[in-house]
Amino acid sequence: MNSELSAHPRRRSHSLLTGLVTLLAGVPLWVNAQNTTVAIRAAEPGKAISPDLFGVFFEDLNYAADGGLYAELIQNRSFEYSPTEQADWRPLKFWELQKRGGGEGSVGVADMRPIHERNPHYALLTVQTPGEGVGIANGGFDGIPLKAGETYEASFWAYQPFMGQMWGQGDNDKPMPVTLRLETKSGEVLAETSLRVQGREWRRLSAKFKPSRTVVDARLVLLAHATGGLCLDMVSLFPEKTFRNRANGLRADLAQAVADLKPKFMRFPGGCLVHGGGVHRYYDWKRSVGPVEQRRAGPNTTWGYHQTMGLGYFEYFQFCEDIGAKPLPVVTAGVCCQHAGSSPGRGQEGLPLEEMPHYIQDVLDLIEWANGPATSKWGGVRAAAGHPEPFGLKYLGVGNEDAITPIFKERFKSVYNAVKEKHSEITVIGTVGPFASGGDYDNGWAFAKELRLPMVDEHYYVSPQWFWDNLSRYDKYDRGGAKVYVGEYAAHDRDKTRGTLRSALAEAAGMIAFERNGEVVSFASYAPLFARRNHTQWHPDLIYFTGTEVHLTASYFVQQLFGQNSGDAYLETTISAAVKPPTLAVSAVRESKSGDVIVKIVNGAAAPAPLQVALSGLMSGELKATKTVLTGPSADAYNEEGQPLAVKPVSNEITLKPAFDYETPANSLTVFRIRK
Ligand code: AHR
């Protein structure tokens, strides 16, 4: 038995000295109150709560998609970077002309004869003097990380353009010999192979490599070895080991970090991203499906970088399926964000009403793509991508943090009515503005009532104290009205770049309140999920990463503990104390699949809190349990990259009695999973 646990009635005596020390340290005396009891009706059925309460929200910001979850290692593979993304970005950005061993030639950009009209630009390489090769090199996103012994697949599309007699190559019908090489920045060859490009039609060529050693900043080099020309597009490099070994797949370590959260759903692809930077710049899901070389890449107009759309709707849905999460795509309500009108300062704009039928059809097509039979038009596109069975979409977010104006209402209503009429299997989730209260929140809720919406999406990025002050928020919500999806939330500490233990525990306390109200709060997801170091537009985030590393924050471990220990019945829990500690939050749920009872306790105080816990109705005798404690040296602690984890969960197998004393550590979340 753990030292902090002891059985009634021999309660631990609390020393006068400890009380004095905490008093002197300025900690309120109630923290050490002797008589805080937690009574849990552990043998009763409890009330049914959402079995899908905790999930994730993936937004393509902070390079979460390209350069992040999407495993592509080449940056600007299809020569579509443009100044609309960043002022100095051009189609050849991140590519360098290579002239090796006396080679002479040049590279330009062409759009005369693209692979596909949706992928208009490609590179035109001309070789005047082959020397030891003329070509192009790409260093990926801050260097290409390679592991010795792992397999990588490089591929590119190419054809031989007609070069006439220009360089004495005759009718140019000889194949162009090409070297594909992985090398270090200083030119050390890590792996290479030879290929031949022949013909005037676009064709995909590929080769597999095993680099000879591990490097974090390699580059891919493609060299041509004869006079003449080469058109090149979709120059790509993937690790063979993607998550679940999917082709065009996801970075295994990042995808695994999400899978380890055991999310019950995943919302995507944004957030504000869904609106885009103007009314006609919304995220168009149709651009993101079909063969990758035919997808329309373009600017991420919300966050100011590029989207290849290589991570598209098929990949999102497939990932959801792979990790057992329900897909929850979000589409706009036919308006842009009130902060991002197409001309600055114009605010929210709606799609012209005559365009709404077309837009609504796109939304209906999305549902057909996800759920329709393979014989249907859009179900056929899904099937052609390798998934003939429907994905079983059940939820659709419409709108994100919108100002609830007449422009919004008119368009939202038409999208909602169309989906309701044609697809009773879909639950539409509306929006109640960007904040936890205020005009849009009130108007959004009133509108939800008027339309009898089944669910709405609330967002709040607030201080840790706000969470503690609002633990009873959902106790007051109407059980007969719309359900709540807390689609984005996070506790922002003073320094937002540090995901402190204080923030994580405040979020945990909030999640305890979500559980207690799990009959009205159906879903909740922390935001944002991912951030690539040095390419981050928003702090704090749940998971930071580089090309090779994954950094888990204190908040990540809270999400993980809740995701791995969620239930589907809430067990009545009563906290009794002379003065109820405002920094204590407790919940108890049952996971019906296993029959386990799960008790979560957050102590947000800077001193331990002694509790007497009673699990009423359980057989006396010894109960087997896993006890996990997440804590750190202080509330300010955070997980600093390159350092051992300051905040991390520690688990022990223990036995306990149905009534036991527990001194919950200062600044901690404890999870008891008590086996049936
Ligand atoms: O999560 C980051 C942003 O916060 C989202 O894009 C938006 O919905 C919210 O304002």
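Here we summarise the structure given alongside this text. Owing to the predicted nature of the structure, the values given are computational and were not obtained by experimental measurement.

**Here's the deal with the pattern of salt bridges**
Summed over all chains, the structure comprises 38 salt bridges. A salt bridge links Glu519 to Arg479, with the nearest nitrogen and oxygen atoms 3.1 Å apart. Placement of the pair is Glu519 in the loop between helix H11 (501–516) and strand S24 (521–526) and Arg479 in the loop between helix H10 (464–469) and strand S23 (483–491), with a sequence separation of 40 residues. The exposure class assigned to Arg479 is partly exposed, which follows from its relative accessible area of 33%. Here the residues in one salt-bridge network are Glu96, Arg100, Arg181, Glu183, Glu192 and Arg219, joined through shared partners.

**Observations concerning the environment of Glu622**
With respect to the element layout, Glu622 can be found in the loop between strand S32 (609–616) and strand S33 (623–631). When the C-alpha atoms of Glu622 and Lys147 are compared, they prove to be 49 Å apart, with 475 residues separating the residues in sequence. Those residues in contact with Glu622 that lie beyond four places of it in its chain are Thr655, Leu656 and Lys657.

**Describing the packing of aromatic side chains**
To describe a pair of aromatic rings, one takes the distance between the centres and the angle between the planes. Inspection of the entire model under this criterion finds 50 aromatic pairs. Between Trp89 and Phe94, the ring centres sit 5.9 Å apart and the planes meet at 75°, which makes this aromatic pair edge-to-face. On the accessibility criterion, Trp89 (2% relative accessible area) is buried. Relative to Phe447, the ring of Phe408 lies with its centre 6.2 Å away and its plane at 65°, an arrangement referred to as edge-to-face.

**Side note on empty space enclosed by the protein**
Per the counting criterion, the structure on display carries nine cavities of 30 Å³ or more. Each pocket or cavity is described by its volume, and for the largest cavity that value is around 90 Å³. In terms of lining, the largest cavity is formed by Tyr282, Tyr283, Asp284, Trp285, Tyr313, Val330, Val331, Thr332, Tyr359, Asp362 and Val363. Elements represented by at least two residues in the lining of the largest cavity include exactly strand S19 (326–331) and helix H6 (356–371).

**A short note on the site of the ligand**
In the vicinity of the ligand, the contacting residues are Glu59, Gly271, Cys272, Trp303, Asn400, Glu401, Tyr461, Glu488, Pro528 and Trp538. Side-chain polar atom of Glu59 to an oxygen atom of the ligand: 2.5 Å apart, as the coordinates give it. A distance of 2.7 Å is found between an oxygen atom of the ligand and a side-chain nitrogen or oxygen belonging to Glu488. Contact with the protein chains removes 94% of the 280 Å² of surface that the ligand exposes when unbound. Counted by class, the shell around the ligand contains five nonpolar, two polar and three charged residues.

**Remarks on the layout of surface pockets**
Picture a little ball the size of a water molecule; that probe, rolled over the atoms, points out where space is still empty. Looking at the largest pocket, its volume works out to about 670 Å³. What lines the largest pocket is a set of 31 residues, among which Arg204, Phe238, Ala247, Asn248 and Val292 lie closest to the centre. Counting residues per element, the ones that place at least two in the lining of the largest pocket are strand S10 (152–159), strand S13 (203–209), strand S15 (228–239), helix H5 (313–323) and helix H7 (377–384). The class makeup of the residues in the lining of the largest pocket is 13 nonpolar, eight polar and 10 charged. In terms of domain composition, the lining of the largest pocket takes at least three residues from each of domain 2 (56–71 + 242–564) and domain 3 (95–239). Size it by volume and the second largest pocket reaches roughly 450 Å³. Forming the walls of the second largest pocket are 24 residues, and the residues nearest its centre are Pro145, Lys147, Arg251, Asp253 and Gly547. Elements with a minimum of two residues in the lining of the second largest pocket: helix H2 (65–69), strand S9 (144–146), strand S14 (215–224) and helix H3 (252–259). Of the residues contributing to the lining of the second largest pocket, the split by class is 11 nonpolar, six polar and seven charged.

Quick notes on the rules
- Residues numbered from 1 in each chain as written.
- Predicted model: local features only at pLDDT ≥ 70, side-chain atom pairs only at ≥ 80, totals over all residues.
- Heavy atoms only, no water.
- Salt bridge = Lys/Arg side-chain N within 4 Å of Asp/Glu carboxyl O.
- Helix = DSSP H or I, 4+ residues; strand = E, 2+ residues; numbered from the N terminus.
- Buried < 20%, exposed > 50% of the residue type's maximum accessible area, 1.4 Å probe, protein only.
- Contact = heavy atoms within 4.5 Å.
- Phe/Tyr/Trp six-rings, centres within 6.5 Å; stacked < 30°, edge-to-face > 60°.
- 1 Å grid on protein atoms, 1.4 Å probe; cavity = no way out; pocket = protein on both sides within 12 Å on 5 of 7 lines; lining within 4 Å.
- Points joined across faces, edges and corners; volume = space filled by probe spheres on them.
- Near = heavy atom within 4 Å.
- Polar contact = N/O pair within 3.5 Å; in protein donor to acceptor, adjacent residues only side chain to side chain.
- Areas by Shrake-Rupley, 256 points an atom, 1.4 Å probe, with all protein chains shown as cover.
- Nonpolar A, V, L, I, M, F, W, Y, C, P; charged D, E, K, R; others polar.
- Domains from an automatic or database assignment.

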